[in-house]
Amino acid sequence: MMEPLHIKTPVLESHPMTKIAGFPVYLKLENVQPVASFKIRGLGNLCQKAMQRGCTHMVCSSGGNAGLAAAYSARKLKIPCTIVVPGTTPMFMVERLREEGATVEICGDSWDDADALAVKLAKQPGYAYIPPFNHPDVWYGVATVIHESAEQLPEKPSVVVVSVGGGGLMSGVLQGMHDVGWADVPLIAMETKGADSFDAAVQAGELVTLDAITSVAKCLGARTVAAKALEWTQDHKIINHVCSDQEAVLACERFADDHRMLVEPACGASLACVYERLFKVWQEQGKLGELKSALVIVCGGNIVSLNALKEWKEKLGLS
Ligand SMILES: COC[C@H](NCc1c(COP(=O)(O)O)cnc(C)c1O)C(=O)O
């Protein structure tokens, strides 16, 4: 059994968010992972399995964070890797991937275009395709975030909150929830407008491919959500919600002020669930009953800076 490449992260009760919600809000701080996002849990597991299956070169498509997790894993496992990112990925992130030793290819306007090239490159002998969200080994690794939380929390939470891009975080969290006896705990699945492929699938009752990703939360930018995520709606109570880019970016700013930690708008979408007081809305709609506590998975992300936050606020009319 190999040592996992992720670390056990803290669970912090957020005093400011508890005051807003009216009950304890616990934060699982995946932003303090070595690669600044939860991604290392799933990609670390997948890369270790790929190495054990004898791969000699890994190829991962990514909006950035999964790529960094794969590049970090490959470096730790001493295996060459290629990361394919869309043209929307900022150059500082491309340089960060190269600093991890990865070869970086830039392709297309969204993750889906990058993924198509990654799949093609991985057909070379000895190469392994490393999907960023749509694989059981990813979900198995992500499930550890709940296994840890169950040991860290004083009691079972009344609700768990995640962000949804391709649906890997959501699927792994749900797997973990069922592992630890939280099958009756509703999951809140948050997306941003313009990256809402899960909501589109739920509304249509089948997978839907968005024409483009127009949200600033590019790391939620999978135009088609994984089938597994939609399947989970048959087996678990899931409340999905689409917030605006403005709400996600403001949540990032409030979180930085409240906790002195800077996270991506992809993560801001989850934090907006608390900051926009959505629990009360869902209780008034009868979607949620009494709530004693909430667990928010702070998924983190690298593609953010004080300057980026300022630019997003200007772009979104928030300045
Ligand atoms: C296009 O991008 C997909 C993936 N980011 C996904 C992601 C998510 C959503 O996770 P998912 O639902 O894709 O498993 C949440 N929070 C953060 C900070 C993320 O980077 C990537 O980096 O390749």
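As a starting point, this report considers the structure included with it. (Residues numbered from 1 in each chain as written. Predicted model: local features only at pLDDT ≥ 70, side-chain atom pairs only at ≥ 80, totals over all residues. Heavy atoms only, no water.)

### Some remarks on the nonpolar core
1) Next: In this structure, Met58, Met170, Val173, Ile188, Leu271 and Phe279 are the most contacted members of the largest nonpolar core, which totals 107 residues.
2) Next: Ignoring anything within four residues of it in the chain, the contact list for Val173 reads Val142, Val145, Ile146, Val160, Val162, Leu187 and Ile297.
3) Next: In terms of nonpolar packing, the next biggest core, distinct from the first, is built from five residues, Val59, Val84, Ala114 and Ala118 among them. (Core = buried A, V, L, I, M, F, W, Y, C linked by side-chain atoms within 4.5 Å. Buried < 20%, exposed > 50% of the residue type's maximum accessible area, 1.4 Å probe, protein only. Contact = heavy atoms within 4.5 Å.)

### Some points on the sheet that holds strand E8 (residues 187-192)
1) Next: Strand order in this open sheet of six strands is E1-E2-E10-E7-E8-E9, and the pairing throughout is mixed. A single partner strand is all that each edge strand has here, and the edge strands are strand E1 (11-13) and strand E9 (238-243). For this sheet, the mean inter-axis angle between neighbouring strands, taken without regard to orientation, is 25 degrees.
2) Next: Where helix H8 (residues 168-179) meets the sheet, its contacts fall on strand E7 (159-163), E8, E9 and strand E10 (294-298), and the angle it forms with E7 comes to roughly 155 degrees. (Pairing = 2+ DSSP bridges. Helix = DSSP H or I, 4+ residues; strand = E, 2+ residues; numbered from the N terminus. Axes fitted to C-alpha atoms, helices over the stretch in contact; angles between N-to-C directions.)

### Focus: the site of the ligand
1) Next: Near the ligand, the surroundings consist of 24 residues, among which Gly63, Gly165, Gly166, Gly167 and Leu169 are the closest.
2) Next: A distance of 2.7 Å separates an oxygen atom of the ligand from a polar atom in the backbone of Gly166.
3) Next: Contacts to the ligand include Cys219, whose backbone N or O atom sits 2.9 Å from a nitrogen atom.
4) Next: Protein chains shield 100% of the accessible area of the ligand, which is 520 Å² for the free molecule.
5) Next: Sorting the residues of the shell around the ligand by element identifies helix H3 (65-77) and H8 as the ones contributing at least two each.
6) Next: Along the lines of polarity and charge, the residues of the shell around the ligand split into 11 nonpolar, 11 polar and two charged. (Near = heavy atom within 4 Å. Polar contact = N/O pair within 3.5 Å; in protein donor to acceptor, adjacent residues only side chain to side chain. Areas by Shrake-Rupley, 256 points an atom, 1.4 Å probe, with all protein chains shown as cover. Nonpolar A, V, L, I, M, F, W, Y, C, P; charged D, E, K, R; others polar.)

### Here we look at H8
1) Next: Compared with the 16 Å implied by 1.5 Å per residue over 12 residues, the 16 Å span of H8 between its first and last C-alpha is a close match.
2) Next: Buried residues dominate H8, accounting for nine of its 12 residues.
3) Next: The set of residues buried in H8 consists of Gly168, Leu169, Met170, Ser171, Gly172, Val173, Leu174, Gly176 and Met177.
4) Next: Positive phi appears at Gly181, one or two residues downstream of H8, with a value of about 85 degrees. (Expected span 1.5 Å × (residues − 1).)

### Quick notes on the pairing of E7
It is a general feature of regular strands that their side chains alternate between the two faces of the sheet.
1) Next: The buried fraction of E7 amounts to five of the five residues, a majority that puts the element mostly inside the structure.
2) Next: Residues Val159, Val161 and Ser163 line one face of E7 and the alternating positions Val160 and Val162 line the opposite face, and both faces are buried.
3) Next: Alignment of E7 against E10, held across three bridges, turns out to be parallel. Directly across from Val160, in E10, lies its bridge partner Leu295.

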